[in-house]
Amino acid sequence: MAKPRTMYDKIFDAHVVDRQDDGTCLLYIDRHLVHEVTSPQAFEGLRLTGRQVRQPGKTLAVVDHNVPTTDRTHGIEDPESAIQVETLAQNARDFGVEYFNELDTRQGIVHVVGPEQGFTLPGMTIVCGDSHTSTHGAFGALAHGIGTSEVEHVLATQTLIQNKAKNYRVTVDGVLPEGVTAKDIILSIIGETGTAGGTGHVMEYAGEAIRALSMEGRMTVCNMAIEGGARAGLIAPDEKTYAYLKDRPKAPKGEAWDAAVRYWETLASDEGAHFDTELRLDAASLPPIVTWGTSPEDVISVAGAVPDPDRIPAENKRISKWRALDYMGLKPGTKITDITLDRVFIGSCTNGRIEDLRVVAKMVEGKRVHDAVSAMIVPGSGIVKLQAEAEGLDKIFRAAGFDWREPGCSMCLAMNADRLAPGERCASTSNRNFEGRQGFKGRTHLVSPAMAAAAAIAGRFVDIRTWG
Amino acid sequence: MDAFIRETALAAPFEGSNVDTDQIIPARFLKVDRTVGYGSFLFHDLKFESDGTERPDFVLNQQPFRHARILVTDENFGCGSSREGAVYALSDYGIKALIGPSFGDIFYNNCLKNGLIPVRLPHDVVAGLREDLLRGPDREISIDLDSQVVTLPDGTLHNLEIDPFWRECIMKGVDEVELTLGYLPEIESFEARYLDEMKWINR
């Protein structure tokens, strides 16, 4: 009998074009997502060497990082952003790549668009010049971020030079309590592993609590695999995966669909497959999480208090965490629910999908955003936006005093005009609380959409398990 | 990329674990065309006050470290975003190599692709090295990719571990796209078989 394999082993093996004696592999790439920030130099490289995009049909380009989230029917004001967006449009034209521009309903954050279009499918290898490509692992696809040199390599060859990573499995048993979400699961995992815990691994998420998540929730979990150091996250496809993908514009149809599902059903890790590292969490014990520092590993329960770095034995880590507290303007022992906010950002490839917006609408319906808070909601794509508007969610948001914007990456990384002013404190549904991530000297607390919504209303963090 | 074989240069200690690529280059600079050079964006918000004046407490603003060509870092340097701009900024500034206990995964790969040598040495060795560099006066480190040896200021020798494939690429300054295109027949035959088996993958 064949040796039991993990899902990662199976997908990797199925894509090996060539394997050298030292283990270096040439891996075939099924899908390549391209955006405006990490691609210009890659296309320029092709031009300089007279090369073509080898498989334009396996490539999809969309603008997301740079685009303003205000009305863009009259063009993009910022000259550098406008050039980068126009460069992608030109490259897509020159190299025959399908492209969703900033006025296209299908435009949005690459990691929202891929699944939404059925461009992302189980069993595939998927890459993009963006670290949150791990999101697509929610469908049982081997998906990870690459640098610009690798973008050029994939455009030119439809392959990537890779060494096999190790297998890591995180099992989340049991049932999540009310008010605790996919975001709290992944933040708790990162709290356990640290931001480097997954380095050199592909992380598979399994267990009852993961199976119970919607596809949106699974995407939230895999999205932040990179924040735990893992290059890719993976969740075995199941009926929910197939129901999400069926009849999507770029998903296979008819007999091809049936053949695909038969193959996808073989992808799950075999009984007895070897994992180099394992972690188990009990969903029932997880609280809503708030980050207090400048690394996604700095997690604490909303019912807790800012920790004291002096209790950390390792000197370098102690210094780093004191520095984080200083940057965040917080003191050890401060109750999380005593932290007041200036801004709330709801959106991003982590939490900018329709399900996230439905949760927010439920939390804020009939209420008002706190006077001291400015709150914005940025849908993950034009299709998410249309869907939300069809359900009347935009009216609930506006009535509550939220700013309802056009789709894009927005204040997750502050490349466009959406950013924090120095010293401003923000509850954000995005993925990184790094120094300056949301604007120079801005202070970011990562939370779930439900926690961000409640914080917008209350003007401070509240424990949504007992609030309202 | 430019070939790298060996280099002896001044090294600076760079404190802090989990230094992410947003610190190495804030996202707003990624809109800039690479041809203008990314060196002035390196560690921009750590290096400068909001009015553009240098922050005197930042190591690369201090003598002699402002002339450093090697950085000695702490755990998980370069974690976070996949932006190759972080490596462009280091390279364009003049950094030739990094020495640390561990690096962010995508960042590590991006370094190799630009001929910036990321050297992994044990945590204790690197921590001691940062202290030695701060104290001085000997602050030169030699990195020899050919013999795979790193020579620290105190004269101790350490093995430079690096994937043999990438070592050769960097020493020869190879264009890896060219290298892979040498495997085009293998790619084409794989593709024909694979896409025939997996018809659903085609669009």
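Values in this document were obtained by computation on a predicted structure and should not be read as measured data. (Residues numbered from 1 in each chain as written. Chains lettered and ligands numbered in written order. Predicted model: local features only at pLDDT ≥ 70, side-chain atom pairs only at ≥ 80, totals over all residues. Heavy atoms only, no water.)

A. Region of the structure containing the overall build of chain A. Broken down by element type, chain A carries 16 helices and 19 strands. Computed over its C-alpha atoms, the radius of gyration of chain A comes to 21 Å, within 12% of the 23 Å expected for a compact globule of 468 residues. The contacts in chain A between residues at least 6 apart in sequence include a share of 76% that link residues at least 24 apart. Both charge centroids of chain A, one from 51 positive and one from 62 negative side chains, sit 1 Å from each other. (Helix = DSSP H or I, 4+ residues; strand = E, 2+ residues; numbered from the N terminus. Rg over C-alpha atoms; globule rule 2.2 N^0.38 Å. Contact = heavy atoms within 4.5 Å. Lys, Arg positive; Asp, Glu negative; His and termini not counted. Charge placed at Lys NZ, Arg CZ, Asp CG, Glu CD.)

B. Local environment of the overall build of chain B. Helix and strand counts for chain B stand at 8 helices and 7 strands. Along the first, second and third principal axes, the C-alpha atoms of chain B reach 65 × 45 × 30 Å. Burial status across chain B gives 56% buried among its 203 residues. A separation threshold of at least 6 residues defines the contact pool for chain B, and within that pool the share at least 24 residues apart is 64%. The average position of the 20 basic charges and that of the 35 acidic charges among the side chains of chain B differ by 3 Å. (Buried < 20%, exposed > 50% of the residue type's maximum accessible area, 1.4 Å probe, protein only.)

C. Region of the structure containing the sheet that holds strand β7 (residues 142–145) of chain A. Residue and element names in this part refer to chain A. Spatially, β5-β4-β3-β6-β7 is the arrangement adopted by the 5 strands of the open sheet, whose pairing is parallel. In this open sheet, the two strands that pair with only one neighbour each are β5 (98–100) and β7. Neighbour to neighbour, the strand axes of the sheet diverge by 20° on average, direction disregarded. Both strand β3 (residues 31–34) and strand β6 (residues 125–128) contribute to a ladder of 3 bridges, which runs parallel. The partner of H32 across the bridge, within β6, is V127. Taken strand by strand, helix α3 (residues 79–95) contacts β3, β4 (59–62) and β5, and its axis lies near 155° from that of β5. (Pairing = 2+ DSSP bridges. Axes fitted to C-alpha atoms, helices over the stretch in contact; angles between N-to-C directions.)

D. Inspection of the packing of helix α2 (residues 40–49) of chain A against α3(A) at higher detail. All names here are of chain A. Following both chains from N to C, one finds α2 and α3 inclined at 40°, their axes separated by 10 Å at the closest point. Classed by the angle they form, the pair α2 and α3 counts as oblique. For the element pair α2 and α3, the recorded crossing hand is left-handed. Facing α2, whose interface residues are P40, F43, L46 and R47, α3 presents Q84, T87, L88, N91, D94 and F95. Of the residues belonging to the contact of α2 with α3, the class tally is 5 nonpolar, 3 polar and 2 charged. (Parallel < 35°, antiparallel > 145°, perpendicular 65-115°, else oblique. Left-handed = near helix turned anticlockwise from the far one by under 90°. Nonpolar A, V, L, I, M, F, W, Y, C, P; charged D, E, K, R; others polar.)

E. Quick look at empty space enclosed by the protein. Applying the stated rule across the entire model yields 3 cavities of 30 Å³ or more. Taken as a whole, the largest cavity encloses approximately 200 Å³ of empty space. Around the largest cavity, the lining comprises 22 residues; the ones closest to its centre are A:H65, A:D130, A:H132, A:L413 and A:R437. Per-class residue counts for the lining of the largest cavity are 7 nonpolar, 11 polar and 4 charged. Here the second largest cavity is characterised by a volume of approximately 150 Å³. Lining the second largest cavity are 17 residues, with A:T195, A:I226, A:G229, B:C79 and B:G80 positioned closest to its centre. Partitioning the lining of the second largest cavity into residue classes produces 6 nonpolar, 9 polar and 2 charged. (1 Å grid on protein atoms, 1.4 Å probe; cavity = no way out; pocket = protein on both sides within 12 Å on 5 of 7 lines; lining within 4 Å. Points joined across faces, edges and corners; volume = space filled by probe spheres on them.)

F. Broad picture of the pattern of salt bridges. Residue and element names in this part refer to chain A. Evaluated as defined, the whole model comprises 45 salt bridges over all chains. With its nearest N and O atoms 2.5 Å apart, the salt bridge here joins D298 to K321. Placement of the pair is D298 in the loop between β13 (289–291) and β14 (299–301) and K321 in helix α11 (residues 315–328), with a sequence separation of 23 residues. Its relative accessible area of 2% is what places D298 among the buried residues. (Salt bridge = Lys/Arg side-chain N within 4 Å of Asp/Glu carboxyl O.)

G. Just unusual backbone geometry, in detail. Note that the residue after B:Q63, namely B:P64, is joined by a cis bond; omega there is -5°. Secondary-structure assignment places B:P64 in the loop between α2 (44–47) and β2 (70–72). The amide bond that connects B:G136 to the next residue, B:P137, takes the cis arrangement and shows omega of -5°. Within the fold, B:P137 resides in the loop between α5 (123–135) and β5 (140–144). The phi torsion at A:S410 lies on the positive side, around 55°, for a residue other than glycine.

H. Expanded view of the interface of chain A and chain B. Listed as interface residues are 71 residues of chain A and, on the opposing side, 56 residues of chain B. Here chain A packs against chain B, burying approximately 5200 Å² in sum over the two surfaces, 53% of which is carbon and sulfur. Viewed at the interface, chain B and chain A are joined by 7 salt bridges. The partner of A:R437 in a salt bridge is B:D22, and the shortest N-O contact between them spans 3.0 Å. On the surface where chain A and chain B come into contact, there are 30 residue pairs in polar contact (both at pLDDT 80 or more). The greatest single-element share of the side of chain A that touches chain B, amounting to 6 residues, is contributed by helix α5 (residues 148–157) of chain A. Considering only residue class, the side of chain A that touches chain B consists of 25 nonpolar, 25 polar and 21 charged. (Buried area = accessible area lost by both parts, 1.4 Å probe. Polar contact = N/O pair within 3.5 Å; in protein donor to acceptor, adjacent residues only side chain to side chain.)

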